[in-house]
Amino acid sequence: MLRSCSKSEFQRYSDFIFELATDLTKSGYPTYCDGIKTKAEFIERSYKAFERNTEAMLLFELDGTVEGMIHYFFIPEDHYLQTVCFNISTATEQAIAEFLAYVSERFKGYDVYFRFPAENYPAVSFLAGQGFECIENDYNNTAFLDKIDDIPEPSGIVRIEKANCKLFESLHHEAEGYWNTERILADLDNWSILVKETGGCPQGAVYYRAVGAVDGWFEIYGVDLEQRGYDSELFKGLLNAALSDAKRRGGRFMTFFCDEEYEKAAIGCGFHCVGKNLCYEAHL
């Protein structure tokens, strides 16, 4: 059974819920197994559910015992809903089924996104079995910037601003997912976009921004290449440009999710693999 979680109940169960958050087989993304986020950050993020009218927290009970928690947020204007905590000790399949029934009544017409580690087999097998589309199947990587020395910086790197944003638009025009060109450029003050130029022509772009939960934490949201084929040296050069830029800004951590074909390049630039991330989309 799912029911609303009060602030006092969260305080009572927070130790148990965080313990689940550190187990890839019983938790969802964002993971707390990445060497970045701490219990204090988990508690702080969870309390936002009681302060914002676009977030909510639910407890999952089985036979009268609390077995986990679900925390989600939604963006009404975009009909977007995503879980930020889906930590269940047992009967994960039942928890997902009940959550889908719960949000279907309240968020008709929304797109719902579930993110789980591949290690959480009950969750990912249930979602796949329901026919939901897996829109992301990638590797979660962490770079500890204070442990990476002498980052090689490529030449020809241009920082994108309003005046030269067409360089980025030409590379990112077919982007999929929430962060399309329009949304990124509308929020440009909160993004760092670096483009590699050769002879005045854009060859590739890397774009990242700060993650608010932890001081000095950044995430690369994507790397766009001009040519159709994969160029590992260009790709690594763009990653290094972002790592170096973030380090100059006092960054301590960099997160990067990438497909399998790019994982070798990420590791070569100093990233460490946390695990595999699967994202499923359901339309209500």
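Residues numbered from 1 in each chain as written. Predicted model: local features only at pLDDT ≥ 70, side-chain atom pairs only at ≥ 80, totals over all residues. Heavy atoms only, no water.

### So, the overall build of the chain
Then step 1. Within the chain, the regular secondary structure consists of 8 helices and 12 strands.
Then step 2. Its C-alpha radius of gyration of 20 Å places the chain within 12% of the 19 Å reference for a compact globule of 284 residues.
Then step 3. Within the chain, the proportion of its 284 residues that are buried is 50%.
Then step 4. Carbon and sulfur atoms make up 47% of the accessible area of the chain, which amounts to about 13600 Å² in all. (Helix = DSSP H or I, 4+ residues; strand = E, 2+ residues; numbered from the N terminus. Rg over C-alpha atoms; globule rule 2.2 N^0.38 Å. Buried < 20%, exposed > 50% of the residue type's maximum accessible area, 1.4 Å probe, protein only. Areas by Shrake-Rupley, 256 points an atom, 1.4 Å probe, with all protein chains shown as cover.)

### Section: empty space enclosed by the protein
Then step 1. Across all of its chains, the model carries 1 cavity of 30 Å³ or more by this definition.
Then step 2. Elements with a contribution of two residues or more to the lining of the largest cavity: helix 2 (39-47) and strand 4 (80-88).
Then step 3. Looking at the lining of the largest cavity element by element, the count peaks at 4 residues for strand 4.
Then step 4. A class-by-class count of the residues in the lining of the largest cavity yields 7 nonpolar, 6 polar and 1 charged. (1 Å grid on protein atoms, 1.4 Å probe; cavity = no way out; pocket = protein on both sides within 12 Å on 5 of 7 lines; lining within 4 Å. Points joined across faces, edges and corners; volume = space filled by probe spheres on them. Nonpolar A, V, L, I, M, F, W, Y, C, P; charged D, E, K, R; others polar.)

### Considerations on the sheet that holds strand 4
Then step 1. If you walk across this open sheet you meet the 12 strands as 1-2-3-4-5-12-6-11-10-9-8-7, and the pairing is mixed. Strands with a single pairing partner mark the edges of an open sheet, and in this sheet they are strand 1 (2-4) and strand 7 (157-159). Recorded for the sheet is a direction-independent mean angle of 30° between the axes of neighbouring strands.
Then step 2. Here 3 bridges tie strand 1 to strand 2 (residues 55-62), and the two strands are oriented antiparallel to one another. Residue pairing in the sheet places Ser 4 in a bridge with Leu 58 of strand 2.
Then step 3. Helix-sheet contacts for helix 1 (residues 7-21) involve strand 1, strand 2, strand 3 (65-75) and strand 4, and the interaxial angle to strand 3 is about 90°. (Pairing = 2+ DSSP bridges. Axes fitted to C-alpha atoms, helices over the stretch in contact; angles between N-to-C directions. Contact = heavy atoms within 4.5 Å.)

### Observations concerning the pattern of salt bridges
Then step 1. Inspection of the entire model under this criterion finds 14 salt bridges.
Then step 2. With its nearest N and O atoms 2.4 Å apart, the salt bridge here joins Asp 15 to Lys 39. Taken as a pair, Asp 15 in helix 1 and Lys 39 in helix 2 lie far apart in primary sequence, 24 residues in all.
Then step 3. Taking the relative accessible area as the measure of exposure, Asp 15 reaches 48% and is therefore partly exposed. (Salt bridge = Lys/Arg side-chain N within 4 Å of Asp/Glu carboxyl O.)

### What about the environment of Ala 282?
Then step 1. Following the sequence through the fold, Ala 282 ends up in strand 12 (residues 272-283).
Then step 2. Those residues within four positions of Ala 282 in sequence are excluded, and the remaining contacts are Leu 100, Tyr 110, Asp 111, Val 112 and Phe 132.

### Here we look at the pairing of strand 10 (residues 217-225)
Then step 1. For strand 10, a buried count of 8 out of 9 residues is recorded, marking the element as mostly surrounded by other parts of the structure.
Then step 2. Looking at chain direction, strand 9 (residues 201-210) and strand 10 are connected through 7 bridges and run antiparallel. Within the sheet, the bridge partner assigned to Tyr 208 lies in strand 10 and is Ile 220.
Then step 3. Where strand 10 lies against strand 11 (residues 253-258), 4 bridges are found, and the strand directions are parallel. Paired with Phe 218 across the strands is Met 254, a residue of strand 11.

### Describing the pairing of strand 11
Then step 1. Most of strand 11 is tucked away: 5 of the 6 residues are buried.
Then step 2. Bridge analysis of strand 6 (residues 133-144) against strand 11 gives 6 bridges, and the strand direction is antiparallel. Looking at the pairing, Tyr 139 lines up with Cys 258 of strand 11.

### What about the packing of helix 7 (residues 232-248) against helix 8 (residues 260-268)?
Then step 1. The contact between helix 7 and helix 8 brings their axes to 10 Å, and the two run at 55°. With respect to their mutual orientation, helix 7 and helix 8 come out oblique. The chirality of how helix 7 crosses helix 8 is right-handed. Where helix 7 approaches helix 8, its residues Phe 235, Lys 236 and Leu 239 are matched on the opposing element by Tyr 262, Ala 265 and Ala 266. (Parallel < 35°, antiparallel > 145°, perpendicular 65-115°, else oblique. Left-handed = near helix turned anticlockwise from the far one by under 90°.)

### Observations concerning the packing of aromatic side chains
Then step 1. Applying the stated criterion across every chain yields a total of 31 aromatic pairs.
Then step 2. Taking 6.4 Å as the distance between ring centres and 45° as the angle between the ring planes, the aromatic pair formed by Phe 10 and Phe 42 counts as tilted. Here Phe 10, found in helix 1, pairs with Phe 42, found in helix 2; they are 32 residues apart in sequence, far enough to count as distant.
Then step 3. Phe 10 gets classed as buried once you look at its relative accessible area, which sits at 1%.
Then step 4. A relative accessible area of 2% places Phe 42 in the buried class.
Then step 5. Within the aromatic cluster, the residues linked to one another by ring pairs are Tyr 72, Phe 74, Phe 86, Phe 99, Phe 107, Tyr 110, Phe 114 and Phe 116.
Then step 6. Of note, Lys 37 hangs over the ring of Tyr 32, and the distance from its end group to the ring centre comes to 5.2 Å.
Then step 7. The ring of Tyr 102 is capped by Arg 106, whose NZ or CZ atom sits 3.6 Å from the centre of that ring. (Phe/Tyr/Trp six-rings, centres within 6.5 Å; stacked < 30°, edge-to-face > 60°. Lys NZ or Arg CZ within 6 Å of the ring centre and 35° of its normal.)

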